[in-house]
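Now for the letters of each chain:
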Amino acid sequence: MENKLFIDTQATAKSKEATDIIEHLPDEIKSQLPNPEPPFPNGGWLYRALEPYYTKQSIDDVCEAMKNGEISSGTKWPRKMADAICAQYGVPVALPTSSGAGALHVALLCADIYQKEVIVPTFTMVAVANSVKLAGGIPVYADSSVDNINPGLKEIQSCYRADKTRAVIVCHTYGVVCPEIEEIATWCREKDLVLIEDICECMGARVKERDQATGGALYSCHSPQNKYVLAGCYGDFSCASLYANKQITAGDGGWVHARDIAHGPRLKSLINHGFNPSYHFLHFETAPNAKINGLGAAFICSQLQNDNLNIQITKRGQVARWYREYFGKKDCVKTGKIKLINSDTIKGEKGCYHDAPWVFGVECCDRKVRDELRVYLAKPDIAVETRCYFFPLHLQPVNYLEIARDNPQSPVGGDSSVAKQAGRRNPGSPTSPVGGGTNSTFNMIAANTTETWKCGCPNAAKFAATGFYLPTHSFLEEQDCAWIVDCVEGYFGGEDEKVGKPLREKGWADKARLKLLE
């Protein structure tokens, strides 16, 4: 709660700057911008959208690491973490990182995407596009498919250019596994494209049961101790996040794993400033510091072992089933006023993928209903926190600013106050092979940025305009999901318009967490 108040204070201080920038955006972007968030209810949220979940073993391991001075990235805990990831996914290479974004960054550097195009979903978190740009690549935005928040093979193929495309990123957004991941993986192999799976929101999610006859040999990375093929088993690289809102968490952190053992040495170098094992202080490429610290690794190790990840995925699946069961009885679903996240494509455990979304989404009939419903749920007597779906990457204001703010003729360029607020870059040196200047990478980004806001992507835009997600975490029980569904129906004036008193008191999830730690 304190963090939320702090963030709100910072946002208020920056609101005028944001308003000044928004005023100059193209109509294609401005017309689709989301409304400000609903007001923070007095007394805080009764149901927060997401809750960190961990056990006493995580805390005990951190205490052990601290007592033994094992707090850096060079201790046993990151190595132990890497071993657990390799065992879980059946891969030969896993490198713990400081974040999911850091994992994406080093995977893209290892894939050599500099000045090449990388096909990415437009409907995902901004870290995906940022990582492509920071690695020197050019993101090309693929629309969602008509009935799934992820792009299908057709949408990805429409972005492909034989002489330009180097890689494809599949994100399994909101933990909904891309239904065509196998087809996409096969096509990428045929086209000699690097496939990167972003599993930041779907760690442990099941794609299908393993083929017992072959052991899943086609992709040669399925763990023999897991009866399911997991998301993250199809990419040449897969990247995960351990942020506090994820199924398992270290507060921050992540990892990158690879199917080819040959990637190991370079990934190890890339997460550590480009250190060379033969010449310790000679560096042959520019690389970030993306290592996880020993305490973060210690905190996550037990969560990666003893089937704990599968337990969390199973609980998410149960929460999703409770929501579907109770929504299925409500008029708001029966009359089409709202639709549940990918409800037409869920096929269960033995079908295409397991119904265990990271967050449970609701898509309204239009944007007005979505925004009013979110405000209704934020009322102090309900206090259910919700979050809008992602705003599409191709419409992000940064794409316009990267082009416009270095143009003196632009209203956000030159020496204008808006350009300064937006962080105008210094021009690069034309004599440098990479553009020169102190911000040469960002100058290269501007040179390769197109007017992405004109590329369409109508399916993603519709999801973004009408969708939001409800509280989804491991402390929720059936009675909680039922009450939240009653509150949603109450907005539409149905039989549950007069919602009964909440079943919980504010702070209940914190008490439940403390009980776990006894």
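Trainee: Quick rundown of the overall build of the protein chain? Include the residues and the values.
Mentor: The helix and strand tally for the protein chain stands at 19 helices and 13 strands. Split into buried and exposed, the 518 residues of the protein chain put 55% on the buried side. Looking at the protein chain as shown, the accessible area adds up to about 22600 Å², and 53% of this sits on carbon and sulfur atoms.

Trainee: Residue-level account of the sheet that holds strand β9 (residues 254-258), with values.
Mentor: Spatially, seven strands are ordered β1-β9-β8-β5-β4-β2-β3 in an open sheet, and the strand pairing comes out mixed. A strand with exactly one partner marks an edge of an open sheet, and here the two such strands are β1 (93-97) and β3 (138-142). Ignoring strand direction, the axes of neighbouring strands in this sheet form an average angle of 20 degrees. Alignment of strand β2 (residues 117-121) against strand β4 (residues 165-170), held across three bridges, turns out to be parallel. The residue bridging Val118 from the neighbouring strand is Ala167, located in β4.

Trainee: Can you break down the nonpolar core residue by residue, with the values?
Mentor: Within the largest apolar cluster, 53 residues are counted, with the highest numbers of intra-cluster contacts made by Met81, Tyr89, Val168, Met203 and Trp255. Of all elements in the fold, only α3 (56-67), α4 (76-89), β3, α7 (153-157), β4, α8 (181-190), β7 (228-230) and α10 (294-301) reach the threshold of two or more residues within this core. The biggest single contributor to this core is α4, with seven residues. Membership of the second largest hydrophobic core comes to 51 residues, among which are Tyr53, Tyr376, Ile382 and Phe492.

Trainee: If you had to explain the packing of aromatic side chains to someone new, which residues and values would you point to?
Mentor: The description of an aromatic ring pair rests on the distance of the ring centres and on the angle between the ring planes. Evaluation of the coordinates by the stated rule reveals 21 aromatic pairs. With centroids separated by 5.5 Å and ring planes inclined at 65 degrees, the aromatic side chains of Tyr47 and Trp508 adopt a geometry described as edge-to-face. Placement of Tyr47 in the loop between α2 (27-30) and α3 and of Trp508 in helix α19 (residues 508-516) is noted, with a sequence separation of 461 residues between them. Neither residue differs from the other here; Tyr47 and Trp508 are each classed as buried. The side chain of Arg504 reaches across the aromatic face of Trp508, ending 4.0 Å from its centre.

Trainee: Lay out the packing of α3 against α10 in plain terms, naming residues and giving numbers.
Mentor: Two numbers describe how α3 lies on α10: the axes approach to 7 Å, and their chain directions differ by 145 degrees. Handedness of the crossing formed by α3 with α10: right-handed. Contact residues: Ser58, Ile59, Asp61, Val62, Ala65 and Met66 in α3; Leu295, Ala298 and Phe299 in α10. Across the contact of α3 with α10, the residue classes tally to seven nonpolar, one polar and one charged.

Trainee: Can you explain the side chain of Ser131? Please cite residues and give values.
Mentor: Structurally, the position occupied by Ser131 is in helix α6 (residues 127-134). Owing to a relative accessible area of 3%, Ser131 belongs among the buried residues under this scheme. Within the structure, the side chain of Ser131 is placed 3.4 Å from the backbone oxygen of Ala101, a separation counted as a polar contact. Other than its neighbours up to four places away in sequence, Ser131 contacts Ala101, Leu104, His105 and Leu108.

Trainee: Tell me about the environment of Glu70, and name the residues and values.
Mentor: In this structure, Glu70 sits in the loop between α3 and α4. Judged by its relative accessible area of 16%, Glu70 is buried. Spatially, the C-alpha atom of Glu70 lies 9.1 Å from that of Asn293, the residues being 223 residues apart in sequence. Not counting residues up to four positions away in its chain, the partners in contact with Glu70 are Glu64, Ala65, Thr75, Lys76, Trp77, Gly294 and Leu295. Polar contacts involving the side chain of Glu70 include one to the side chain of Trp77, which spans 3.0 Å.

Trainee: Report on the pairing of strand β13 (residues 467-470), specifying residues and quantitative values.
Mentor: Neither face of β13 is open: one carries Gly467 and Tyr469, the other Phe468 and Leu470, and all of them are buried. As paired elements, strand β11 (residues 360-364) and β13 share four bridges and run antiparallel to each other. Residue pairing in the sheet places Glu363 in a bridge with Gly467 of β13. Pairing analysis gives two bridges linking strand β12 (residues 387-388) to β13, with the strands arranged antiparallel. The residue of β13 that forms the bridge with Cys388 is Phe468.

Cut-offs used in this document
- Residues numbered from 1 in each chain as written.
- Predicted model: local features only at pLDDT ≥ 70, side-chain atom pairs only at ≥ 80, totals over all residues.
- Heavy atoms only, no water.
- Helix = DSSP H or I, 4+ residues; strand = E, 2+ residues; numbered from the N terminus.
- Buried < 20%, exposed > 50% of the residue type's maximum accessible area, 1.4 Å probe, protein only.
- Areas by Shrake-Rupley, 256 points an atom, 1.4 Å probe, with all protein chains shown as cover.
- Pairing = 2+ DSSP bridges.
- Axes fitted to C-alpha atoms, helices over the stretch in contact; angles between N-to-C directions.
- Core = buried A, V, L, I, M, F, W, Y, C linked by side-chain atoms within 4.5 Å.
- Phe/Tyr/Trp six-rings, centres within 6.5 Å; stacked < 30°, edge-to-face > 60°.
- Lys NZ or Arg CZ within 6 Å of the ring centre and 35° of its normal.
- Left-handed = near helix turned anticlockwise from the far one by under 90°.
- Contact = heavy atoms within 4.5 Å.
- Nonpolar A, V, L, I, M, F, W, Y, C, P; charged D, E, K, R; others polar.
- Polar contact = N/O pair within 3.5 Å; in protein donor to acceptor, adjacent residues only side chain to side chain.

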